[in-house]
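A structural walkthrough
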Amino acid sequence: MGMTELGRELHQVRQMKGLSLNSAANTADISPAYLQKLEAGLVKAPSPPVLQRVAKALELPYSKVMETAGYLTPQNSSKRTSPNLLAHALLGADLTEQEAAALAEYLAFLRQRRAPAG
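Described below are features of the structure shown in this document. (Residues numbered from 1 in each chain as written. Predicted model: local features only at pLDDT ≥ 70, side-chain atom pairs only at ≥ 80, totals over all residues. Heavy atoms only, no water.)

**A short note on unusual backbone geometry**
Note: most peptide bonds trans; most residues except glycine with negative phi. You will see that Asp-29, though not glycine, has its phi angle at about 60°, which is positive. Examined against the element boundaries, Asp-29 turns out to sit in the loop between α2 (21–28) and α3 (32–39). Using a relative accessible area of 60% as the deciding quantity, one classes Asp-29 as exposed. (Helix = DSSP H or I, 4+ residues; strand = E, 2+ residues; numbered from the N terminus. Buried < 20%, exposed > 50% of the residue type's maximum accessible area, 1.4 Å probe, protein only.)

**Remarks on helix α5 (residues 62–69)**
All of the buried residues in α5 are Val-65, Met-66, Glu-67, Thr-68 and Ala-69. Each element contacted by the buried residues of α5 is listed here: α1 (3–16) and α4 (48–57). One or two positions beyond α5, positive phi appears at Gly-70, with a value near 90°. (Contact = heavy atoms within 4.5 Å.)

**Considering the packing of α4 against α5**
Between α4 and α5, the shortest axis-to-axis distance is 9 Å and the interhelical angle comes to 130°. By the angle class used here, α4 and α5 are oblique. Crossing angle aside, the handedness with which α4 passes α5 is right-handed. Across the interface between the two elements, Pro-48, Leu-51, Gln-52 and Ala-55 from α4 touch Tyr-62, Val-65, Met-66 and Ala-69 from α5. (Axes fitted to C-alpha atoms, helices over the stretch in contact; angles between N-to-C directions. Parallel < 35°, antiparallel > 145°, perpendicular 65-115°, else oblique. Left-handed = near helix turned anticlockwise from the far one by under 90°.)

**Things to note about a nonpolar patch on the surface**
A surface patch of nonpolar side chains, about 290 Å² in accessible area, is lined by Tyr-106, Phe-109 and Leu-110. Turning to its location among the elements, Leu-110 is positioned in helix α7 (residues 97–114). (Patch = residues over 30% accessible without salt bridge, like charges linked within 9 Å, V, L, I, M, F, W, Y side chains within 5 Å. Areas by Shrake-Rupley, 256 points an atom, 1.4 Å probe, with all protein chains shown as cover. Salt bridge = Lys/Arg side-chain N within 4 Å of Asp/Glu carboxyl O.)

**Things to note about the packing of α2 against α4**
A pair of packed helices is characterised by two quantities: the angle between their axes and the separation of those axes. Between α2 and α4, whose axes approach to 8 Å, the crossing angle comes to 125°. With respect to α4, the element α2 is oriented oblique. In this structure, α2 crosses over α4, and the sense of that crossing is right-handed. Between α2 and α4, the residues in contact are Ala-24, Thr-27 and Ala-28 and Arg-53, Val-54 and Ala-57, respectively. Broken down by class, the residue content of the contact of α2 with α4 amounts to four nonpolar, one polar and one charged. (Nonpolar A, V, L, I, M, F, W, Y, C, P; charged D, E, K, R; others polar.)

**Remarks on the environment of Ala-57**
If you trace the backbone, Ala-57 turns up in helix α4. In the structure, Ala-57 is positioned 29 residues away from Ala-28 in sequence and 5.4 Å away in space, judged by C-alpha atoms.

**Here's the deal with the environment of Gln-36**
Relative to the assigned elements, Gln-36 resides in helix α3. On the basis of relative accessible area, Gln-36 is assigned to the partly exposed category, the value being 49%. In the structure, Gln-36 is positioned 26 residues away from Leu-10 in sequence and 9.9 Å away in space, judged by C-alpha atoms.

Spelled out as structure tokens, the structure:
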């Protein structure tokens, strides 16, 4: 865990939600330049209040953002500690039937690829 992983996840969620850098930064009440540095993993110790605003702007659980940033230890180490990016990206999203079907088809394809041959 660390700032590089946190930045990568924030960037992915922002893109999946279709938010511009400016839009997400404005919602989080930070500069677009700072959000860009955060996404690039260049901010070594972002403040918890900033992370809380970014989490809210991206509709991510604050506790998971804090875990990924290394401020909190995972509550249960047997569980995946990084947020499920797709689930967060889809929160509140209005998908058309075609989009939902395409996502389901692609997910089935990905799962089939990772299944052990046998």
